[in-house]
Amino acid sequence: GFVMERMRRLRANIAPVDSAQRYSEKLGVDVFIGKGKFTGKETIEVNGQTLKFAKAVVATGGTAAVPNIPGLKDVPYLTNASIFNLTELPARMGIIGAGPIGIELAQAFQRFGSQVTVFSRSDKILPKEDPDAAKIVGDALRKDGVTFAYNVSYKSIQSQGGKPPVTMIIEDENGERSLEFDALLVATGRKPTVRGLGLAAAGIEFDERLGVKVNDRMQTTNSNVYAVGDVASKYQFTHMSDFGARLVIRNALFFGRDKFSNFIIPWATYTDPEVAHVGLYEKDLEDQNIAFVTFSREFSDVDRGIVDGETEGFVKIHVKKGTDLILGATIVGSHAGDMISEITVAIQSEMGLAKLANVIHPYPTAADAIRQCGDAYNRSRLTPTVKGIFNRLMAFRR
């Protein structure tokens, strides 16, 4: 209760940044409270009032996608939006979905004292992440006491009178079984908010699953309307909505020609240890037939990792074969989300891994592992021929 109260208090402190009051009173924006709906190519209706626009932006976001499991709609379930309203700790918590949201909340509630079970339709957790990274996170959660069920088929979900506890009947490698939970979290991804907006009336193409169709400049099929954030992007992160909005403002109001594809996009999953990533994964590189070499450094070989007792994790950097051009990187560690930015800066500024080796880092720090990957790259350039010449030179100088 204390932890959740503190969280709600902090959330209330942050809320004014996004409040209508801030925009209307402090920033001079005309705010119309109500449900907006396009009525034509250049008109929006709010509460019966028609507004004409020169440019418009669709930024309706997304909501939790709820899977089609028999009985689920009739039982009390939580999503990432409602879970933070809990006032009592559920003794047993079931989590449907093993992506970032499901895994982050599984670890948090297990540490609060719930007995958490995570259900995955596939044979893995964090399926989009680097498999080595996902394994370390999985091991950490198991150590905390989280139970996992893989390759799950959901038969039905029910509860008495629409109140907890919730009974799930599932089938997995252990056969069909029934499980009871005091709280059930559904964390199976997000769906864009596209219904009831009058998009068709404005000539805006959209898809219920993929969201509003946009080009690389974030324009919809109506060139005066742009779309940004979860409603129009597969990158469903707050920081992407922020930078997408900046791009849209430049393009819509200041004759900008900025492209979404130019963004170097990092992201992090806030488990303990954290997982952070930027650029392409090994799987992406293989799928695109790009020849690459990987340089990695385990924190068990980094002095700061050893003295902190945080030896689980690594820095892994992929470079284009024959060059030091950084194509992607994954970091697993307690501050991975902060550390990834150094690599994002390097990619953004087209700074290669060889140059990163020359950046002096304070000792002892976890981030020194990034520089050490640069050292490994430089050592890899010492071919037998170069070594032979070097040895002969040293012998001659003696």
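Because the structure is predicted, anything quoted here is derived from the model rather than measured.

Core analysis: the largest hydrophobic core is formed by 29 residues, its most contacted members being Ile-103 and Val-118. Counting residues per element, the ones that place at least two in this core are strand E6 (92-96), helix H3 (100-112), strand E7 (115-119), helix H4 (131-144) and strand E12 (183-186). The greatest single-element share of this core, amounting to 5 residues, is contributed by H4. Ile-103 has contacts with Ala-98, Val-118, Ile-125, Leu-126, Val-137, Leu-141, Phe-148 and Thr-271, leaving out every residue within four places of it along the chain. Ranked by size, the runner-up nonpolar core spans 27 residues in total, among them Phe-299, Ile-326, Ile-370 and Ala-376.

Once that is clear, we can look at the side chain of Gln-107. Here Gln-107 lies in helix H3. When its relative accessible area of 4% is taken as the criterion, Gln-107 is described as buried. At 3.0 Å, the side chain of Gln-107 and the side chain of Asp-144 are in polar contact. Not counting residues up to four positions away in its chain, the partners in contact with Gln-107 are Ala-140, Leu-141, Asp-144, Thr-271 and Asp-272.

Per the stated rule, a full pass over the model turns up 22 salt bridges. Close ionic contact of Asp-144 with Arg-111 constitutes a salt bridge, the shortest N to O distance being 3.1 Å. Of the two residues, Asp-144 is situated in helix H4 and Arg-111 in helix H3; the sequence distance between them amounts to 33 residues. Given a relative accessible area of 46%, Arg-111 falls into the partly exposed group. For Asp-242, the salt bridge goes to Arg-246, with nearest N and O atoms at 2.8 Å. Here Asp-242 pairs with Arg-246, and both are found in helix H5 (residues 238-253), just 4 residues apart, close to one helical turn.

Our next topic: the sheet that holds strand E9 (residues 153-159). The 3 strands are arranged E9-E10-E11 in an open sheet whose pairing can be described as antiparallel. Bordering the open sheet on either side are E9 and strand E11 (175-181), each of which pairs with just one other strand. Put simply, the sheet's adjacent strands are angled 20 degrees from each other on average, direction ignored. Summarising the sheet, E9 and strand E10 (residues 166-172) pair through 6 bridges and their orientation is antiparallel. When the bridges of E10 are listed, Ser-159 appears paired with Val-166.

Compared with an ideal rise of 1.5 Å per residue, which puts 13 residues at 18 Å, H3 spans 18 Å between its outermost C-alpha atoms and is within 8% of the ideal. Every buried residue of H3 is accounted for by Gly-102, Ile-103, Leu-105, Ala-106, Gln-107, Phe-109 and Gln-110. Of the residues one or two after H3, Gly-113 is the one with positive phi, at around 125 degrees.

Pairs of aromatic rings are described using the distance from one ring centre to the other and the angle between the two planes. All told, the structure shown has 12 aromatic pairs when counted by the stated rule. Pairing Phe-109 with Phe-112 gives two aromatic rings, centres 5.4 Å apart and planes at 80 degrees, and the pair type is edge-to-face. Placement of the pair is Phe-109 and Phe-112 together in helix H3, with a separation of 3 residues, close to one helical turn. On the basis of relative accessibility, which here comes to 4%, the residue Phe-109 falls in the buried class. Judged by its relative accessible area of 38%, Phe-112 falls in the partly exposed class. Both rings, one in Phe-243 and one in Phe-263, keep their centres 6.4 Å apart while their planes meet at 85 degrees; by these two values the pair is edge-to-face. Of this pair, Phe-243 sits in helix H5 while Phe-263 sits in the loop between H5 and strand E17 (266-269), placing them 20 residues apart in sequence. Of the residues examined, Phe-243 reaches a relative accessible area of 41% and is grouped as partly exposed.

Cut-off values and rules
- Residues numbered from 1 in each chain as written.
- Predicted model: local features only at pLDDT ≥ 70, side-chain atom pairs only at ≥ 80, totals over all residues.
- Heavy atoms only, no water.
- Core = buried A, V, L, I, M, F, W, Y, C linked by side-chain atoms within 4.5 Å.
- Buried < 20%, exposed > 50% of the residue type's maximum accessible area, 1.4 Å probe, protein only.
- Helix = DSSP H or I, 4+ residues; strand = E, 2+ residues; numbered from the N terminus.
- Contact = heavy atoms within 4.5 Å.
- Polar contact = N/O pair within 3.5 Å; in protein donor to acceptor, adjacent residues only side chain to side chain.
- Salt bridge = Lys/Arg side-chain N within 4 Å of Asp/Glu carboxyl O.
- Pairing = 2+ DSSP bridges.
- Axes fitted to C-alpha atoms, helices over the stretch in contact; angles between N-to-C directions.
- Expected span 1.5 Å × (residues − 1).
- Phe/Tyr/Trp six-rings, centres within 6.5 Å; stacked < 30°, edge-to-face > 60°.

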